[in-house]
Structure formats: C-alpha cells, structure tokens
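Listed here are the chains, written in short residue letters.
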Amino acid sequence: MAPEPVFRYKQCLIVRNDIKMSCGKKCAQAAHASIGAFESADKTLRKAWQAEGQKKVVLRADSERALFEIKVVAERSGISTSLIQDAGMTEIPPGTITALGLGPARTEDLDKITGSLSLL
C-alpha cells in the first residue's frame with residue numbers, strides 16, 4: 001500500500017448552508033471562490049500548491065455573518081480570500097453572498113481558521 005501523500009498547502013472553499021442552492025449552484029460558487037482566492041494569493045504559495053496537487057476542501061458555514069468573520073480572521077493572518085456575491089441570474093437574488101475562498105495557504109494555518117467547520 002502506497003503511503004498517504006502529505007499536503008503542506010491547500011485551499012478551503014466555504015459555501016453557505018443557510019440558503020437554498022442546487023448542488024450545481026453550490027459547485028459553481030465554490031469554483032468562483034477558488035479562482036478568486038488563487039488569483040490574489042502570493043505567487044510562491046500558488047506554485048507550491050500547484051506542484052503538490054492543488055488540494056481543496058469544501059466546507060459549509062451557517063450564515064453570511066460566519067463567512068465575513070472567517071474572511072476577517074484569514075486576512076489578518078495574511079491568507080488570500082475571495083468573497084463571492086451572486087449576480088442573481090439563476091436561483092438566488094442578486095447580491096447574495098454565497099461562498100468564500102481561502103488560500104492556497106499552509107495547511108496548518110487554514111486549519112486554525114476552518115478546523116471547526118463541517119464538510120459540505
């Protein structure tokens with residue numbers, strides 16, 4: 001049996017669980033959050049994360065307020081963030097905050113911020 005890989009870097013994608021979105025909509029919002037956070041991350045972190053396989057973890061938050069609180073903590077820790085606001089063209093009203101992307105960043109740094117959240 002091959003040893004389990006060790007990921008030193010990852011991205012956390014946090015989707016609101018308190019609003020009704022289809023599975024596909026949630027996936028699209030997480031994808032937006034991933035790209036946005038990646039684009040604002042440090043170039044060295046981006047390269048390191050890409051080199052080891054681009055680990056992503058999708059989590060859930062129970063409110064818009066929770067996303068904002070996590071965003072503030074992450075930014076104070078120097079982690080790139082991307083808060084997603086929906087255009088409202090399909091399932092939900094325009095301007096609805098749907099997701100938050102964090103990183104890529106060091107796994108241990110993200111775990112300090114998101115360790116209490118459940119998987120989506």
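Look a little higher up for the structure.
My aim in this report is to walk through the structure given alongside it, one point at a time. Note that the structure is predicted; figures quoted are calculated from it, not measured.

Moving on, we come to the pattern of salt bridges. In this structure the tally under the stated criterion is seven salt bridges. Here Asp18 makes a salt bridge to Arg16, at a shortest N to O gap of 2.9 Å. With a closest N to O distance of 2.7 Å, Glu69 and Arg65 form a salt bridge. With a gap of four residues between them, Glu69 and Arg65 both fall in helix H3 (residues 64-76), about one helical turn apart.

Moving on: the sheet that holds strand S4 (residues 97-106). Hydrogen bonds along the backbone pair up the strands of a sheet, which may run parallel or antiparallel. Taking strand neighbours across the sheet as the criterion, the five strands line up as S3-S4-S1-S2-S5 in an open arrangement whose pairing is mixed. Every other strand in the sheet has two partners, leaving strand S3 (81-85) and strand S5 (118-119) as the edge strands with one partner each. In this sheet, S4 lies alongside strand S1 (residues 9-16) in antiparallel orientation, the contact comprising six bridges. Counterpart to Cys12 in the pairing with S4 is Leu102. Running at roughly 45° to S4, helix H1 (residues 23-39) makes contact with S1, strand S2 (56-61), S3 and S4 of the sheet. Running at roughly 25° to S4, H3 makes contact with S1, S2, S3 and S4 of the sheet.

A few words now on the side chain of Thr98. By the secondary structure assignment, Thr98 is in strand S4. Classification of Thr98 by relative accessible area gives buried; the value is 0%. Those residues within four positions of Thr98 in sequence are excluded, and the remaining contacts are Ile14, Val15, Arg16, Ile19, Met21, Gln29, Leu67, Ile84, Asp86 and Ile92.

A few words on the nonpolar core. Nonpolar side chains in soluble globular proteins generally cluster together in the buried interior. Ranked by size, the top nonpolar core spans 16 residues in total, and within it Ile14, Leu67, Ile70, Ile79, Leu100, Leu102 and Leu110 carry the most contacts. Residue assignment for this core shows that the elements contributing at least two residues are S1, S2, H3, S4 and helix H4 (107-114). In contact with Leu67, not counting residues within four places along its chain, are Ile14, Arg16, Ala61, Leu83, Ile97, Thr98, Ala99 and Leu100. Counting residues in hydrophobic clusters, the runner-up holds nine residues, among them Val15, Met21, Ala33 and Ala99.

Now for the pairing of S4. Counting buried positions along S4 yields nine of ten residues, so the element is predominantly enclosed. With five bridges connecting them, S3 and S4 associate as antiparallel partners. Counted as the bridge partner of Leu83 is Leu100 from S4.

Another point: the environment of Lys56. Tracing the backbone shows Lys56 in strand S2. Counting along the chain gives 17 residues from Lys56 to Glu39, while the straight-line C-alpha distance between them is 15 Å. Of the polar contacts made by the side chain of Lys56, one reaches the backbone oxygen of Gln54; its length is 3.1 Å.

What follows concerns H1. In a regular helix each residue adds 1.5 Å, so 17 residues correspond to 24 Å; H1 covers 25 Å between its end C-alpha atoms and thus fits that length. Next to the buried residues of H1 lie S1, S2, S3 and S4.

Procedures and definitions
Residues numbered from 1 in each chain as written. Predicted model: local features only at pLDDT ≥ 70, side-chain atom pairs only at ≥ 80, totals over all residues. Heavy atoms only, no water. Salt bridge = Lys/Arg side-chain N within 4 Å of Asp/Glu carboxyl O. Helix = DSSP H or I, 4+ residues; strand = E, 2+ residues; numbered from the N terminus. Pairing = 2+ DSSP bridges. Contact = heavy atoms within 4.5 Å. Axes fitted to C-alpha atoms, helices over the stretch in contact; angles between N-to-C directions. Buried < 20%, exposed > 50% of the residue type's maximum accessible area, 1.4 Å probe, protein only. Core = buried A, V, L, I, M, F, W, Y, C linked by side-chain atoms within 4.5 Å. Polar contact = N/O pair within 3.5 Å; in protein donor to acceptor, adjacent residues only side chain to side chain. Expected span 1.5 Å × (residues − 1).

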